[in-house]
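Architecture and fold: a report
Next come the chains, spelled out residue by residue.
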Amino acid sequence: MADYFPTGLLEACVVIGASNDKLKEAHQLQQQGRPVDFAQLDPEVLQVHIPPFVTRENESQAYSAFSKVQRRRSFIKKKREKPNAASNQNAESKEPETEDISVPKDIDLIGLPQLCFPGGLQLASELKEERFHFLVFTDVFGNRTYGAVMQYYKPVQEGPHYQNGHWSASKTGRLYTACAICIISKYAYFSALKDCLSCLLVQLKTCRGSDFEERVKEFAAKLALVPTPPPGQLHLVFNLKPLQIVLPSKEDLDHPIVDLDLHLPFLCFKPKQVLQIITCILTEQRIVFFSSDWALLTLISQCFMLYIHPLQWVHTFVPILSRQMLDFVMAPTSFLMGCHIDHFEEVAAETNDLILINIDNGTMAFSCSPGNEIPKTPWAASECFLKRRTELQIHYDLQMSHLGVGTDINDVRMQRRQWQQKLNLEIQQVTLELIVNIFREVNDHLNYEHRVFNSEEFLKSREPEDQLFYKKVLETHIFHSFLKERLNRKMDAFTRMELNTRSEAHRMNPMMDFPRRPTMQEMARKYSSPENRMSKRLGMSMPNLVQERPVDLPLRQASLKKLGIENALKISQKPIKHFRLPDFPPPLSYHYVQNYYSELINLLGKAIATLPPEDSALLARYFYLRGFLNTISGKRLDALSDFQNLYKTDIAIFPTDLVKNLVDSLQRDERGQAEKHSELKRLISKVKKDNEKDLVKTDDHVKKFELPKKHMQLEDFVKRIQESGIVKDVGTIHRLFEALTVESIKSGLSWQGVDAAMRASSQSVFYLDSLDGQQKQIDPEVFRVFYKFWKETEAEAQDVHLPAEVIEHLDKNECVYKLSCSVKTNYGVGKIAMTQKRLLLLTDGRPSYVEITKFRDIEEVRISSAPLLLLRVPSLKIKMSLRKEMFEANLKSECDLWNLMVKEMWAGRKMADDHKDPQYMQQALTNVLLMDAVVGCLQSQKAIFAANKLAYFDKMKSEVPMMVPKTTSETLKHKINPSLDLTTPQAVDVLLYTPGQLSFSADADSDGNPKLWCALSDGKVVVFDAASWSIQQNSIQVGASRLNCMLRLDQHQVWIGSQDSTIYIINIRSMSCNKQLTEHRAEVTDIAMEERSDRFGQVQAYSCSADGSLIIWDVSTLKVKKQLQPTSDALHSIKLFNGTLWCCSTDYILELRKNGTLHRKLKLPDLLRDAPTCFSSFLLFLEKDQLWTACVDGGELLVWHDRDLSKPFHKIQLPDCIGVSCMIKVKNQVWVGSQGRAPGKARGKIYVVDTEKYSVEKELVAHTDCVQALCSAEDRYVLSGSAYEDGKIAIWKVE
């Protein structure tokens, strides 16, 4: 067994009490009849027990599992007086012999006695009841260690000297002294450690004083044998007579251990006070808890730490202060501390700006200076929390009153534990929901690309009564750490609940990149009941806008889940598995301990062998435990093998640091053995690569958005605009830059008193096309004015009040984006309002709704003039297809701007309808709002000329008519953009459609709707709900390399082959990637599945890679069944037909038998071999005995007869085709994705080929870049994805 190994449950066991000399003195006074001073004694460390307790004799230190650097340093020397006989034999020795005691570096033995006796140590004349309390230690790095302390009284025995290791028996009256036993652990097992000490107490009450030390040491040695459970649903149980002790596991890696009664604060405080305390913690106040019960101080404090999870308190955390430590509360920084209630007045009188919380009577006192008042919790979040609190059943006796009395103490304890676990889970959901409701909308003000948080705009979006709370919270370290995790896109408890409780509108929001304006639904709610307003703040309807859903969705119309705050607590408790440890051996014998570990490893081996492969989560926990025990036992290669198995069961719990240490500690002979095992060799290689990556520091800074202070050239301007959140698209920002730089040197700004400021700086706002060698720049003042105008326009839109009859006529997701001044029109006098769908007139006087036109019904827009008294004023005329009469409005000075805006919206609507792509309309709307801001910002003669540079779609319509071919228009159903939340388009590398699951359980993490999986650049996978085309998962990161293939193997998993030679497995229900197959040595290029021959047959999967290798997998166990090397050339794709395997390489297509031997080979035709081309894809038609092939640089399809592969018997020419990238078979058609020639430049083309006539039926052109991915949706629709210049997905109807 290795000398140094990862610690289990026990870190140290320390015995604290009065010194022997003091006890002798007190006892002698009592024997002499003199008064005994019962004043407090100074507690001292009497014993320290540190693992390992047993080691192999003469074992080399170099053979330990960890390096010498990791050895614990020595803090103290434990002195022990030797018996007289020993003293006589060592008469020459002047000092008592000492024994080195090494203690963990985060345990302070100097301060520990005070914490074990925070109220002081006193003698007593009568026996007192034992008491328990808990400790939390925090090191300089913020790492916490936990302690459980038992104080019990024992008699002070008579004896003038110490003989044979114990005091001689007392013959007169007794004194009693308290002794404290402190168990220290790295893990917050408060209840379990208290139970362990209770079991020890039973033994100590029956043991003699001479056996005390050995009993404690044996007890500590037993706890040192107990491993801690890995994260998940596996709890460990061990027997420490008379109790069964349970160690609950963490829910996941990021979740803390919960082993206490989380409802204790609800028993001590009213719900509103609980909210107040949480607010004090979130605003990082100086908080002091008071109680007469030392145990409650730690337990209550720890409960509140768990209440704010996943936020973390990063300041001083000392839940128990002894008398000697009271000056800690004078610290000027934020802290959370605990004191005895006796010191309440003293602390309150000495220090200001403290939050004083009395646990005993449930009260709070504030000693805050003016300006430092405690804000109220945001109203909507607090109302939801209070409602949830009323639903919690926190009284055990009330809920269990109908049950009989248990006769077995362990059964009674288990029943109580199960009730507590259920209640703890409910409380965690309630408090997590509170945190989510408070910070839900932070994500809307983050810029992930530049790691910027726009705190000013976030504050403006808060309700006025909540702003004080957010102002204080936004300045805290807690919130700063929270922002880092959001910007890192951490998938933690907050993110999962936030996603699960989003409204349908917010789920659709990533698909609709509109600027923020209130929808009609939000306007109606704004003037309705407070309950409806509350639901807005809790995610029922988000402030971002949503375009109307396409009328004709190409896939079945499955209803979306109704998600709101009601669903937050409807999360079923996952089943818990208990693993029972064997009974403890004599823990101080190396031989017995080694046998104990062997028995435990064997038990885990049996559990692994009997567990079905489908239960991979539990298998992973067993492998983790066995790897941990093999590490302790010094079996390093076995441990690495167990940890390697986590790649195929649950990579989420992979112990990275432990494996690194194991690899570093391998001896030469062990490395030689590892080289012989391919899996271990790969693991060691991966650890080395990861070590190199760790040397590169990742950027985790967080910036607050600030207006620029220097002149900006184009590149810096793009960054600033993206940071501001105005727009992300780089092309649009370039056009905005051109618009803001058209002003000449002489121009000035006259908007709201900016003239003077701009006259001083306008020389830097210039248009320098005529000045050689100089670049355009934007003055920071121009940026400030533009940004201010944009944000004020946004704010004004929030205050627009529409009459109820107007709201009724508009769609619920429609928004007013622009209002004109009151103008005269031929429909009446009023204000013209523009939404994303239409123009309408809000008449003066009694407001009423008059629709002018929808943008798609416009036929002509032009500027005219209308008579006004003796003058003629500019007017805007709009001709509509549904009305004979033209609409005319005397817009006067606004006429030019409205002309530009209406034309742009009209052009955008036409483009969106023609290309079935709603993003065109979204982009047109953004252009219009930018025009409005540019005109408002510049307010000069060239303002309209500048705004015209943003009329992108109007110019495109007039200059380069984008006519969509009739065949394309009839076949194309819809377009979606998987890169909408990114600054630039990403290539769509792979597409996969998975049908819906009617049998999907209601309590599953995901729903049963059909899904579209889209692989983008650098390992990103975006998942769409194919029933609504909303993004279900923004991005699942699988590695950092290009993804080559995807395949759904069953209802639970999707396999993804990557360029980094790994197959990643995504769990469809949890939408997480927690398994990896690492057996390939080159990039994985394709995956195929063999259908099972019968219901009970095994499912096999085949994967190929660029080094020409093939691997056959057992899908249930994820084990390699066979490895083949059919060719040394790269394999591009594989297909299974009638028991044979067809493989496509660069110049050949191979047919392999089941045993892997070559059956036939098809060569690249001679006429193509001289050209720089290769096979790109192939299809098999067994019913026709045909094989179809295509080449990368060829514009034709070759059709081969299955019985004669010497030459193709037919050739199908693809018009204007440069090269084929992919093919799929749909019904009796072949859909071919390619790059084709179109007028002007090369574009992505899709050819639909009739397999009966061998002719091209359709040529479809809807992508501006090569079509490189195709997939079929139940043979009803075909989905195509294009390369990065286009980056969109088109949905086509199959006839």
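First, a word on what this report is: a plain description of the structure on this page. Just so it is clear, the model here is predicted, and its values are computed rather than measured. (Residues numbered from 1 in each chain as written. Predicted model: local features only at pLDDT ≥ 70, side-chain atom pairs only at ≥ 80, totals over all residues. Heavy atoms only, no water.)

**Notes on the overall build of the chain**
Along the backbone of the chain there are 37 helices and 54 strands. Taken over 1295 residues, the chain has a buried fraction of 56%. Put simply, of all contacts in the chain between residues at least 6 apart along the chain, 61% involve residues at least 24 apart. Counting every atom, the chain has about 57300 Å² of accessible surface; 49% of that belongs to carbon and sulfur. (Helix = DSSP H or I, 4+ residues; strand = E, 2+ residues; numbered from the N terminus. Buried < 20%, exposed > 50% of the residue type's maximum accessible area, 1.4 Å probe, protein only. Contact = heavy atoms within 4.5 Å. Areas by Shrake-Rupley, 256 points an atom, 1.4 Å probe, with all protein chains shown as cover.)

**Thoughts on the nonpolar core**
Counting residues in hydrophobic clusters, the biggest one holds 201 residues, and the most contacted among them are Leu 112, Ile 181, Phe 238, Phe 289, Phe 304 and Phe 439. When residues of this core are assigned to their parent elements, the largest contribution, 11 residues, is made by helix H8 (residues 294–307). The residues contacting Leu 112, other than those within four sequence positions of it, are Val 14, Ile 16, Leu 135, Phe 137, Cys 182 and Ile 184. Counting residues in hydrophobic clusters, the runner-up holds 71 residues, among them Met 712, Val 718, Leu 841 and Ile 852. (Core = buried A, V, L, I, M, F, W, Y, C linked by side-chain atoms within 4.5 Å.)

**A closer look at the pattern of salt bridges**
Applying the stated criterion to the full structure yields 50 salt bridges. Glu 1151 is the salt-bridge partner of Arg 1160, the closest N and O atoms lying 2.7 Å from each other. The buried category is assigned to Glu 1151, whose relative accessible area is 6%. (Salt bridge = Lys/Arg side-chain N within 4 Å of Asp/Glu carboxyl O.)

**Let's talk about the packing of helix H28 (residues 730–740) against helix H33 (residues 919–938)**
Direction vectors running N to C along H28 and H33 enclose 20°, while the axes themselves pass 11 Å from each other. Overall, the two elements H28 and H33 adopt an arrangement that is roughly parallel. Considering the relative orientation of H28 and H33, their crossing is right-handed. Listed contacts from H33 to Thr 732, Arg 735, Leu 736, Ala 739 and Leu 740 of H28 are Gln 923, Asn 927, Leu 930, Val 934, Cys 937 and Leu 938. (Axes fitted to C-alpha atoms, helices over the stretch in contact; angles between N-to-C directions. Parallel < 35°, antiparallel > 145°, perpendicular 65-115°, else oblique. Left-handed = near helix turned anticlockwise from the far one by under 90°.)

**Here's the deal with the sheet that holds strand S46 (residues 1196–1201)**
Think of a sheet as strands paired side by side through backbone hydrogen bonds, with each pair either parallel or antiparallel. Reading across from one edge, S44-S45-S46-S47 is the order of the four strands in this open sheet, with antiparallel pairing throughout. Two strands close off the open sheet at either side, each with one partner strand: strand S44 (1175–1181) and strand S47 (1210–1213). Each strand of the sheet is rotated relative to its neighbour by a mean of 20°, with strand direction disregarded. Two elements, S46 and S47, share four bridges in a ladder whose sense is antiparallel. Counterpart to Leu 1197 in the pairing with S47 is Ile 1212. (Pairing = 2+ DSSP bridges.)

**Quick notes on the packing of aromatic side chains**
If you walk through the whole model with that rule in mind, you get 33 aromatic pairs. A centroid spacing of 6.1 Å and a plane angle of 70° characterise the contact between Tyr 624 and Phe 643, whose relative ring orientation is edge-to-face. Taken together, the positions of Tyr 624 in helix H21 (residues 616–632) and Phe 643 in helix H22 (residues 636–644) put the pair 19 residues apart, joining distant regions of the chain. As far as burial versus exposure is concerned, Tyr 624 and Phe 643 are alike and both buried. Within the aromatic cluster, the residues linked to one another by ring pairs are Phe 439, Phe 453, Phe 458, Phe 469, Tyr 470, Phe 479, Phe 482 and Phe 494. Across the ring face of Tyr 396, the terminal group of Arg 416 is positioned such that the distance to the ring centre comes to 4.9 Å. The ring of Tyr 920 carries the charged tip of Lys 1288 above its face, separated from the ring centre by 4.6 Å. (Phe/Tyr/Trp six-rings, centres within 6.5 Å; stacked < 30°, edge-to-face > 60°. Lys NZ or Arg CZ within 6 Å of the ring centre and 35° of its normal.)

**Observations concerning the environment of Ala 493**
Relative to the helices and strands, Ala 493 resides in helix H16 (residues 493–500). With 184 residues separating them along the chain, Ala 493 and His 309 place their C-alpha atoms 8.3 Å apart. In this view, Ala 493 contacts His 309 and Leu 432; residues no more than four positions away in its chain are not counted.

Read these as layout, nothing more, since geometry by itself doesn't imply function.
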